[in-house]
Amino acid sequence: MAAEAGRQEPVTIESLRDAARHVYGADATGYAEGRPDYPEEIYRTLTDRCGLEEGAVVLEIGPGTGLVTRRLVAQGASVVAVEPDPAMGEYLARSLRGANVDVVGATFEQAPLPETRFDLAVAATSFHWVDQEAGLSKLGRVVRPGGWAALWWTIYDDPDREDPFRQATAHLLGGADPDGQRPRSAFQLDTTQRCQDLEHLGGFRAVTSQLFHWTAHFDTRRLRAFYGSLIEIRRRPASEQGVLLGGIESIALEQFAGEVTRPFVTVIYTGQIGRAHV
């Protein structure tokens, strides 16, 4: 019986999806402090390719604490933000009170959204939490003819570059993959499959992918907040989280003089719904 009591359920995408709908919002302020912004090339792609402009009606899937939402609003867009985590939704609505943002508390699959309504639909490091077949089909229905979708992810890793801090913390956070990124990044970085899915499941055309290599910079406060925002750490008991984050901070101070750089990559997929025939 003792062995059974200590046995852990296997981690599946379904169990992670369920956890993601409440674990991040348990400390929305810490999440907002820890997550780095996206490369400027992402925002240029939204304006130069995807029609983000003054007056655009934008759907955002999984806005979290509003990192991207603020950039959309700053461009003059009106935003419908679909957020399944109630605590995250409350944080977003409170922090963006008075902005042209409507927060819908639901999963994307279940959210009541009008069809052919949106000029642009975006999902920033969130669409892996959505059932792909149902989600992409719905995405193709809610974007208007001629409108665009942009799905992107930052991978907190870059296998093509050296990462001394990753290696220095490997013994704390799980061997050669301390952030838990490499098994799952195969999905985000499978450009052939992601493009095909946008085309075949969503009905998008002119689908392309772009990959941006960049470097994130952290002081110890931001570093602790960043690691504290990762689901691999947030799902652990609070006492264990504290020990891990303390160890990460100590390594940053003792081996990196309190200033850490890490190589990241961001991949973006964009596609357009065909214009209706007149």
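A brief look at the structure comes next. Quantities reported herein were computed from a predicted structural model and do not represent experimental measurements.

**Comments concerning the packing of aromatic side chains**
Part 1 of the reasoning: Taken as a whole, this structure holds 13 aromatic pairs when the rule is applied.
Part 2 of the reasoning: An angle of 75 degrees between the planes, with centres 5.2 Å apart, marks the rings of phenylalanine 226 and tyrosine 227 as edge-to-face. We note that phenylalanine 226, like tyrosine 227, is buried.
Part 3 of the reasoning: One aromatic cluster in this structure is built from Tyr156, Phe165, Trp214, Phe218, Phe226, Tyr227, Phe256 and Phe264.

**What about the packing of helix α11 (residues 220-228) against helix α13 (residues 238-256)?**
Part 1 of the reasoning: Remark: α11 packs on α13, axes separated minimally by 10 Å, with the N-to-C direction vectors making an angle of 145 degrees. The chirality of how α11 crosses α13 is right-handed. Residues Thr220, Leu223, Arg224, Tyr227 and Gly228 of α11 pack against Gly242, Leu245, Gly246, Ile248, Glu249, Ala252 and Leu253 of α13.
Part 2 of the reasoning: When grouped by side-chain class, the residues that make up the contact of α11 with α13 number six nonpolar, four polar and two charged.

**Here's the deal with the nonpolar core**
Across soluble globular proteins, nonpolar side chains show a tendency to be buried alongside one another.
Part 1 of the reasoning: Counting 31 residues, the largest nonpolar core has Leu59, Leu113, Phe127 and Leu139 as the members making the most contacts within it.
Part 2 of the reasoning: At the level of elements, β1 (57-61), β2 (78-82), β4 (118-124), α7 (132-142), β5 (143-155), α10 (191-200), β6 (204-219) and β7 (259-273) are the ones that each hand at least two residues to this core.
Part 3 of the reasoning: Of all the elements, β5 adds the most residues to this core, at five residues.
Part 4 of the reasoning: With sequence-adjacent residues up to four places away left out, leucine 139 is seen in contact with Ile61, Phe108, Ala121, Ala149, Leu151, Leu198 and Phe204.
Part 5 of the reasoning: Among the nonpolar cores identified, the runner-up in size contains 24 residues, and Cys50, Leu92, Val101 and Ala124 belong to it.

**Considerations on the sheet that holds β2**
Strand pairs in the sheet, formed through backbone hydrogen bonds, run parallel or antiparallel to each other.
Part 1 of the reasoning: Taken together, seven strands build an open sheet; the order of strands is β3-β2-β1-β4-β5-β7-β6 and the sheet is mixed. Both outer strands of the open sheet, β3 (101-104) and β6, are each paired with one neighbouring strand and no more. Taking each pair of neighbouring strands and ignoring which way they run, the sheet shows an average axis angle of 20 degrees.
Part 2 of the reasoning: Pairing of β6 with β7, which is carried by 14 bridges, proceeds in the antiparallel orientation. Across the sheet, threonine 215 pairs through a bridge with proline 263, a residue of β7.

About the thresholds
- Residues numbered from 1 in each chain as written.
- Predicted model: local features only at pLDDT ≥ 70, side-chain atom pairs only at ≥ 80, totals over all residues.
- Heavy atoms only, no water.
- Phe/Tyr/Trp six-rings, centres within 6.5 Å; stacked < 30°, edge-to-face > 60°.
- Buried < 20%, exposed > 50% of the residue type's maximum accessible area, 1.4 Å probe, protein only.
- Axes fitted to C-alpha atoms, helices over the stretch in contact; angles between N-to-C directions.
- Helix = DSSP H or I, 4+ residues; strand = E, 2+ residues; numbered from the N terminus.
- Left-handed = near helix turned anticlockwise from the far one by under 90°.
- Contact = heavy atoms within 4.5 Å.
- Nonpolar A, V, L, I, M, F, W, Y, C, P; charged D, E, K, R; others polar.
- Core = buried A, V, L, I, M, F, W, Y, C linked by side-chain atoms within 4.5 Å.
- Pairing = 2+ DSSP bridges.

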